[in-house]
Every structure is written in C-alpha cells, then in structure tokens.
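# A look at the structure
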Amino acid sequence: MKLHETLQPDPWHFVRPELADAYLNAFDLKLSSARGLFARRRMGKTEFLRRDLLPAAQQRGYLAAYTNFWDSRSSPASALVSSLAEALEPQGIRAVLAKLGTPVRKVKASAKIPGGIEGALEAELSAPEVDPGVALREVLRQLDRQKKPLLLVIDEAQVLARAEHAEFAHALRAALDVRKDRIKVIFAGSSETTLREMFARASEPFYNWAALEPFPLLGDEFVAFTIKLLNRMARYRLTLEQGRHAFEELHRTPEFFKRFVERYMLYQLDGDEAALSHTKASVFSDENFLKQWTAMKTADQIVIAQLARGETDIHSAAGVKRLTQMLGRVATKNTAAQALRRLQAQNVVTRLAVGDYRIEDEAFAEWIRRRIAPRR
Ligand SMILES: Nc1ncnc2c1ncn2[C@@H]1O[C@H](COP(=O)(O)OP(=O)(O)OP(=O)(O)O)[C@@H](O)[C@H]1O
Ligand SMILES: [Mg+2]
C-alpha cells in the first residue's frame with residue numbers, strides 16, 4: 001500500500017513536525033542509520049510514524065517504506081518485501097516481477113484490476129513458490145539503483161525476536177548492514193523487554209545495531225489541540241482544565257483520551273465527568289484481562305503465571321512438579337509444552353529462544369502478577 005493512498009485525512013491528528021525533523025536530522029548527520037523506539041501500547045507510535053515521520057521523510061527526498069510485522073507475524077519476510085517494493089516506481093516493480101518469473105502477460109492483465117501492478121506484486125510475493133529470500137534480494141537490487149535514500153519503518157519489530165524468524169532476521173541484518181548509508185531504519189514496538197533482547201543480546205542478529213530509546217509521549221499540547229477542536233464542534237464547551245483532568249485520569253493515553261472526547265461529544269448534556277467514568281469503565285475494566293484469563297485452561301493459567309513471575313524452568317522436573325501440585329493432577333513435560341503451544345497460538349506468549357518465553361503484553365503480565373501476589 002502506498003502511504004498516501006491508505007491514510008485518510010484526520011482532522012483530529014495532532015501533528016508533530018519537530019519530532020519528525022529531529023529523527024530525520026539525526027539521520028542526516030550520519031551519526032546513526034538505525035533507531036529503536038518503544039512506548040507502551042496505544043501511545044501514538046504508529047500514528048506518528050505513518051502520519052508525521054514518513055511523509056516528512058518523503059518531503060526530504062527519501063523513499064518511504066512502512067511495514068507492520070504484527071499484521072504479518074507468520075511471514076514478516078514477504079511483508080517486508082512488499083513494503084519495500086511499494087516504495088519503488090512501477091518500472092522497478094516490473095523489473096522485480098520479471099526477475100521472479102512472472103509472465104509479463106499476467107502483469108499487464110493485473111494492471112487493469114483494482115490495485116493494479118501493486119496488487120499483482122502482493123499476489124506474486126505471497127505465492128507459495130516464491131522464495132522470500134530471493135524476492136528480498138531482487139527488491140533490494142532495484143532499490144540500490146535509486147538515487148534517493150530509503151527510510152524503512154518496521155513497526156512491531158519485536159516479532160523479529162521470535163525464534164522462528166531467526167534466519168530472516170539474520171538475512172535482514174546482513175542486507176541492511178551493507179546499505180547503512182542508503183537505508184535508514186526505525187524499529188518500533190511496545191515491548192521494551194523484547195526490543196532490548198533484540199538489540200542488547202550478543203547472540204541476536206541486531207545486537208548493538210540500533211540505539212533503543214523511549215518514544216516521546218503526547219502531553220499538554222496534544223490535549224490543548226484536541227480540546228480546542230472539540231470546542232469548535234461542541235455545544236457545551238470544555239475547559240482545558242477539564243481536558244487535562246481527563247487525560248491524567250486516563251493515564252495520559254491518547255487513544256483513551258480520544259474515546260473520552262468521542263463519548264463527550266455524543267452525550268454532552270451528561271457532562272465531562274460522566275463521559276470520563278464511562279470511558280474509564282470501558283478501557284480499564286480489568287474486565288478484558290479477566291475475560292482473557294477466564295477463557296484459559298487451568299494449565300495455561302499456571303504456566304503463564306510462572307512466566308509472569310519470571311520463572312523459566314517450565315519444562316524442568318521442578319517446573320513440572322509445581323504444575324502437578326497446582327493443577328491437582330499429574331502433569332508431564334508434555335502438559336507444559338502443550339500449554340505453551342496454546343499460549344503462543346493465541347499470541348499471548350512469544351518464544352524468543354529454546355526455553356525462553358515472554359508474555360507479549362506487559363500490562364497483562366503485570367495484571368497477572370498482581371492477581372497472583374502474594375507468592376503462593
Ligand atoms: N498524534 C496524534 N494525534 C491524535 N491522536 C493520536 C495521535 N497519536 C495517537 N493518537 C490516538 O491514539 C491511538 C493509538 O495510537 P497508535 O495506534 O499510534 O498507538 P501505538 O503506540 O502504535 O499503539 P500499539 O503499541 O498498540 O500499536 C490512535 O488511534 C489515535 O486515536
Ligand atoms: Mg502501533
């Protein structure tokens with residue numbers, strides 16, 4: 001998808017040109033060619049990257065590619081290849097398709113279908129006979145011919161830390177390594193722990209490759225902007241104070257604040273406090289975690305509780321013994337393995353390496369820790 005085609009204008013978007021410039025300036029200084037950003041979920045990473053950073057990069061003469069590994073966690077390689085290919089001009093795409101052995105006939109026909117040549121590319125790259133490694137090489141070869149440098153944004157980059165993607169991660173690192181002056185990369189994600197593993201562990205392909213830093217969060221200016229806009233449309237205006245209060249109460253989370261604003265717009269007569277308590281009830285209801293928890297099998301609950309506590313010996317004799325005690329029936333290594341498999345299938349848990357598991361959502365992990373404390 002081309003950036004400008006997929007994003008509708010959003011009047012509620014609070015622009016952050018200075019922040020975008022700061023990142024781009026740092027790349028221009030050539031001090032680094034990659035950065036890693038993390039912030040908790042729903043704090044505005046993706047919105048900034050897509051609506052502020054990438055368009056600003058294009059204005060500075062970069063080609064821009066965005067890929068979200070979470071949307072394609074089973075095949076990050078083909079997701080990356082498509083996003084890189086979309087940064088190319090149609091001729092470049094054609095050249096890639098030709099290399100991959102797509103008959104020109106097929107490409108021509110697809111130019112008439114919705115999505116055109118890019119649609120053809122998507123379809124082609126996801127074809128089972130296409131080796132993503134070969135496709136990546138071809139796309140990079142085309143990119144190497146471009147005059148413009150490329151800014152590549154990899155959102156939800158923590159997916160790369162998964163053991164099953166190790167080979168791809170190494171290939172990617174190698175490809176980027178030799179192009180440091182032409183390809184700048186931003187890795188973003190919500191799991192600081194997992195990103196740290198990626199960049200700070202000597203055995204990981206991206207060891208020491210990018211500086212990892214917190215993503216600057218939205219604050220007072222964002223609130224002021226939103227309240228001002230709201231007041232242009234609302235019958236009953238809100239003060240900045242009321243807005244700030246709601247933002248604080250919602251743990252300074254932009255997404256939740258926007259929900260508050262929406263609720264208030266619809267039920268202005270009920271007042272801001274009513275809108276706030278409605279929003280809080282719906283977003284912080286530990287209800288969601290509770291629902292997720294209750295839906296789990298007992299063995300899964302026990303295993304995830306062990307992970308939340310940082311116990312890693314799930315498969316060991318001691319781990320299985322604990323599982324047996326807590327389950328109240330005989331557990332085996334296999335019981336633990338199956339629980340872990342289910343938790344991974346539901347994307348609750350990620351396997352980083354043999355025997356090394358992480359709970360994806362740090363908020364859920366925290367909720368579990370609070371629930372099981374004090375230690376039994
Ligand atoms: N700059 C902004 N202006 C207005 N609203 C914003 C802005 N940034 C974020 N938001 C609001 O917060 C929501 C969440 O933002 P976003 O999806 O970018 O968060 P995220 O950090 O990428 O979260 P996740 O880790 O879950 O992917 C957006 O859908 C939007 O409602
Ligand atoms: Mg995001």
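Residues numbered from 1 in each chain as written. Chains lettered and ligands numbered in written order. Predicted model: local features only at pLDDT ≥ 70, side-chain atom pairs only at ≥ 80, totals over all residues. Heavy atoms only, no water.

An unreviewed UniProt entry annotates the protein chain as AAA domain-containing protein originating from Paraburkholderia rhizosphaerae.

## What to know about the overall build of the protein chain
Within the protein chain, the regular secondary structure consists of 19 helices and seven strands. Its C-alpha atoms put the protein chain at 65 × 65 × 45 Å along the principal axes. Per-residue burial over the protein chain gives 49% buried out of 376 residues. Across the protein chain, every contact between residues at least 6 apart in sequence was considered, and the portion connecting residues at least 24 apart equals 73%. Taking the average location of the 57 positive side-chain charges in the protein chain and that of its 47 negative ones, the two points are 3 Å from each other. (Helix = DSSP H or I, 4+ residues; strand = E, 2+ residues; numbered from the N terminus. Buried < 20%, exposed > 50% of the residue type's maximum accessible area, 1.4 Å probe, protein only. Contact = heavy atoms within 4.5 Å. Lys, Arg positive; Asp, Glu negative; His and termini not counted. Charge placed at Lys NZ, Arg CZ, Asp CG, Glu CD.)

## Digging into the packing of aromatic side chains
Two aromatic rings, taken as a pair, are described by how far apart their centres are and by the angle between their planes. Across all of its chains, the model carries 18 aromatic pairs by this definition. Considering the side-chain rings of Phe 289 and Trp 367, the 6.0 Å spacing of their centres and the 50° angle between planes classify their relative orientation as tilted. A residue pair is termed long-range when its members are at least 10 positions apart, and Phe 289 in helix α15 (residues 287-294) and Trp 367 in helix α19 (residues 362-372) qualify at 78 residues. Each member of the pair, Phe 289 together with Trp 367, is buried. Taken together, the ring pairs connect Phe 14, Phe 222, Phe 225, Phe 247, Phe 257 and Phe 260 into an aromatic cluster. Its guanidinium or amino end placed over the ring of Tyr 66, Arg 50 lies 4.6 Å from that ring's centre, counting from NZ or CZ. Sitting over the face of the ring of Tyr 267, Arg 263 holds its NZ or CZ atom 4.0 Å from the ring centroid. (Phe/Tyr/Trp six-rings, centres within 6.5 Å; stacked < 30°, edge-to-face > 60°. Lys NZ or Arg CZ within 6 Å of the ring centre and 35° of its normal.)

## Brief notes about the side chain of Thr 335
Mapped onto the fold, Thr 335 is located in helix α18 (residues 333-345). Residue classification places Thr 335 among the buried residues on the basis of a relative accessible area of 15%. Engagement of the side chain of Thr 335 in a polar contact is seen with the backbone nitrogen of Thr 332, the distance being 2.8 Å. (Polar contact = N/O pair within 3.5 Å; in protein donor to acceptor, adjacent residues only side chain to side chain.)

## Focus on unusual backbone geometry
You will see that Arg 42, though not glycine, has its phi angle at about 65°, which is positive. Note that Arg 42 resides in the loop between β1 (34-38) and α3 (45-59). Accessibility expressed as a relative area gives 36% for Arg 42, which makes it partly exposed. Its identity is not glycine, yet Glu 156 carries a phi of approximately 55°, on the positive side. Positionally, Glu 156 belongs in the loop between β3 (150-155) and α9 (166-177). The class for Glu 156 is buried, based on a relative accessible area of 15%.

## With respect to the pattern of salt bridges
Throughout the structure, instances matching the rule amount to 24 salt bridges. Between Arg 42 and Glu 255 there is a salt bridge; the shortest N-O distance is 3.5 Å. Taken as a pair, Arg 42 in the loop between β1 and α3 and Glu 255 in helix α13 (residues 254-266) lie far apart in primary sequence, 213 residues in all. The exposure class of Glu 255 is partly exposed, given its relative accessible area of 34%. Here the salt bridges do not stand alone but share partners, grouping Glu 197, Arg 201, Glu 204, Asp 356 and Arg 358 into one network. (Salt bridge = Lys/Arg side-chain N within 4 Å of Asp/Glu carboxyl O.)

## Notes on the site of ligand 1
Around ligand 1, 18 residues are found, and the nearest of them are Arg 41, Lys 45, Thr 46, Glu 47 and Lys 258. Here an oxygen atom of ligand 1 sits 2.7 Å away from a polar atom, N or O, in the side chain of Lys 45. Between ligand 1 and Thr 46 there is a distance of 2.7 Å, counted from an oxygen atom to a side-chain nitrogen or oxygen. When ligand 1 is considered free in solution it has 620 Å² of accessible area, and contact with the protein chains removes 86% of it. Those elements giving two or more residues to the shell around ligand 1 turn out to be α3 and α13. (Near = heavy atom within 4 Å. Areas by Shrake-Rupley, 256 points an atom, 1.4 Å probe, with all protein chains shown as cover.)

## Here's the deal with the sheet that holds strand β4 (residues 183-189)
If you trace the five strands from one edge of the open sheet to the other, you get β2-β3-β4-β1-β5, paired in parallel fashion. Of all strands in the sheet, those bounded by a partner on one side alone are β2 (63-68) and β5 (211-214). Pairwise comparison of adjacent strand axes, ignoring direction, gives a mean angle of 20° for this sheet. The pairing of β1 with β5 spans four bridges and is parallel. Across the sheet, the residue bridging to Phe 38 is Pro 214, located in β5. (Pairing = 2+ DSSP bridges. Axes fitted to C-alpha atoms, helices over the stretch in contact; angles between N-to-C directions.)

## Here's the deal with the environment of Gln 292
Note on placement: Gln 292 falls in helix α15. Between the C-alpha atom of Gln 292 and that of Val 348, which follows or precedes it by 56 residues, the distance is 9.7 Å.

## A short note on helix α12 (residues 240-249)
For α12, the complete set of buried residues consists of Gly 243, Ala 246 and Phe 247. Down the axis of α12, the buried side of the element spans an arc of 100°, and every buried residue falls inside it. Contact partners of the buried residues in α12: α11 (220-233), α13 and α14 (272-284). A positive phi of about 55° marks His 251, the residue just after α12. (Arc of directions from axis to C-beta.)

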